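# Tertiary structure, described
Letter by letter, the chains look like this.
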Amino acid sequence: MTKMQALQKFQTELHVSYSQIFTYLACPLKYKFQYVEQQPQERVGIALPVGRAIHLAIEYYYRSLMKGILVALEVIQELFADSLNADLDQRDIPIIYKKQTPDRQSVIDMGKGLLKAFYANIDITGFEIAGVELPLTARLFSEEGEPIDMIVTGIIDLLLKDEQGYVIAVDNKTAKNPYAQATVDDDLQLTSYAYLLAANKYVFPTADVYCRFDVMRKLKTPKFEQHYTIRTAVQRRRFAKLTGTVLAGIDARIFMPNKSWLCSDCQFTEACKAW
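Scope of this entry: the structure provided in the associated data block. Predicted model, so just to flag it, every value in this text is computed and none were measured. (Residues numbered from 1 in each chain as written. Predicted model: local features only at pLDDT ≥ 70, side-chain atom pairs only at ≥ 80, totals over all residues. Heavy atoms only, no water.)

## Observations concerning the overall build of the protein chain
- The secondary structure content of the protein chain amounts to 10 helices and eight strands.
- Burial statistics for the protein chain: of 275 residues in total, 45% are counted as buried.
- Counted over contacts in the protein chain with a minimum sequence separation of 6, partners at least 24 positions apart contribute 72%.
- Carbon and sulfur atoms provide 54% of the accessible area of the protein chain, an area that totals close to 14,800 Å².
- One way to put it: in the protein chain the 32 positive side-chain charges average out to a point 4 Å from where the 32 negative ones average out. (Helix = DSSP H or I, 4+ residues; strand = E, 2+ residues; numbered from the N terminus. Buried < 20%, exposed > 50% of the residue type's maximum accessible area, 1.4 Å probe, protein only. Contact = heavy atoms within 4.5 Å. Areas by Shrake-Rupley, 256 points an atom, 1.4 Å probe, with all protein chains shown as cover. Lys, Arg positive; Asp, Glu negative; His and termini not counted. Charge placed at Lys NZ, Arg CZ, Asp CG, Glu CD.)

This is the structure:
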């Protein structure tokens, strides 16, 4: 299934994505504004378009590798810059810049530095690329084990397969602060990837799923770091139960605000104040 075919399937079936689950858990009121009422965004944090452009550049890098082509660093850097410029040019809402990157050019320079760190340190020797931007769906089940009329969807940044045939789900991240191993071990996005992979028979139903964060650190001299973790069948079942609870909250129209560090970049600040 291609990415486009998967997105079309997502639209024709009742579904919930990891992004929707995360948004509801982070702030149910934001979920209401974004997914229920589909309110127009008031502003956007620069991290969102940067993340999209970085992902597009890395996707191109890996898809080229699948064809046996090692593209030059300058190629993915320019792809990043072009993608970011196109994204920002078509937005008619304020962009929230950061102190360290106060304007567009400084953001482009930062992104190119992050990609330079990625390019210099990434090594997939001993691995086969099994998928890039891999779209997957999986049926959700009730606590009694009965299938429900809802699927969970997700797109895995990179799927690697080692020489023994084990798969590793990789998610690309940009971050300023280092990742603690406890944070990696508890991350819900990787658990959602593991659920999707197990449901689609990439691993045995009770097997562990290997996962990895590839993190590009937003430092004066950018760094590239990798963090490995596993997801067990117990964790996957807990994810399904949590997803069911989120869906129950949405069905019950429980949409309360949740103040956190995420508020600084929220697209619905004025709507929240008026709530």
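## Observations concerning the packing of aromatic side chains
- In this structure the tally under the stated criterion is 14 aromatic pairs.
- Look at Tyr62 and Phe118: their rings are 6.0 Å apart centre to centre, the planes differ by 85°, and that puts the pair in the edge-to-face class. Here Tyr62, found in helix H4 (residues 47-66), pairs with Phe118, found in helix H6 (residues 104-121); they are 56 residues apart in sequence, far enough to count as distant. An identical accessibility class is assigned to Tyr62 and Phe118; each is buried.
- With a centroid separation of 5.5 Å and an interplanar angle of 55°, the aromatic rings of Tyr195 and Phe239 are classed as tilted. In this pair, Tyr195 sits in helix H8 (residues 188-199) while Phe239 sits in helix H9 (residues 233-251), placing the two residues 44 residues apart along the sequence.
- You can call Tyr195 buried: its relative accessible area is 11%.
- Aromatic ring contacts, followed pair by pair, group Tyr61, Tyr62, Phe118, Tyr119 and Phe224 into a single cluster. (Phe/Tyr/Trp six-rings, centres within 6.5 Å; stacked < 30°, edge-to-face > 60°.)

## Some thoughts on a nonpolar patch on the surface
- On the surface, Phe22, Trp261 and Leu262 cluster together into a nonpolar patch covering about 360 Å² of accessible area.
- Tracing the backbone shows Phe22 in helix H2 (residues 18-26).
- You can call Phe22 partly exposed: its relative accessible area is 40%. (Patch = residues over 30% accessible without salt bridge, like charges linked within 9 Å, V, L, I, M, F, W, Y side chains within 5 Å. Salt bridge = Lys/Arg side-chain N within 4 Å of Asp/Glu carboxyl O.)

## Digging into the packing of H8 against H9
- Where H8 contacts H9, the two axes come as close as 9 Å, and the packing angle between them is 105°. Taken together, the axes of H8 and H9 are roughly perpendicular relative to one another. Here Leu188, Thr191, Ser192, Ala194, Tyr195 and Ala198 of H8 lie close against H9, whose contacting residues are Gln235, Arg236, Phe239, Ala240 and Leu242.
- Of the residues belonging to the contact of H8 with H9, the class tally is seven nonpolar, three polar and one charged. (Axes fitted to C-alpha atoms, helices over the stretch in contact; angles between N-to-C directions. Parallel < 35°, antiparallel > 145°, perpendicular 65-115°, else oblique. Nonpolar A, V, L, I, M, F, W, Y, C, P; charged D, E, K, R; others polar.)

## Regarding H2
- Along H2, the positions that sit buried rather than exposed are Tyr18, Gln20, Ile21, Thr23, Tyr24 and Ala26.
- Tucked into the core, H2 has its buried residues touching strand E1 (15-17), helix H3 (28-36), strand E5 (147-162), H8 and H9.

## Examining the environment of Phe204
- Mapping Phe204 onto the fold places it in the loop between H8 and strand E7 (209-217).
- Along the sequence, Phe204 and Ala138 sit 66 residues apart, while their C-alpha atoms lie 15 Å from each other.

Geometric values such as these leave the question of function open.
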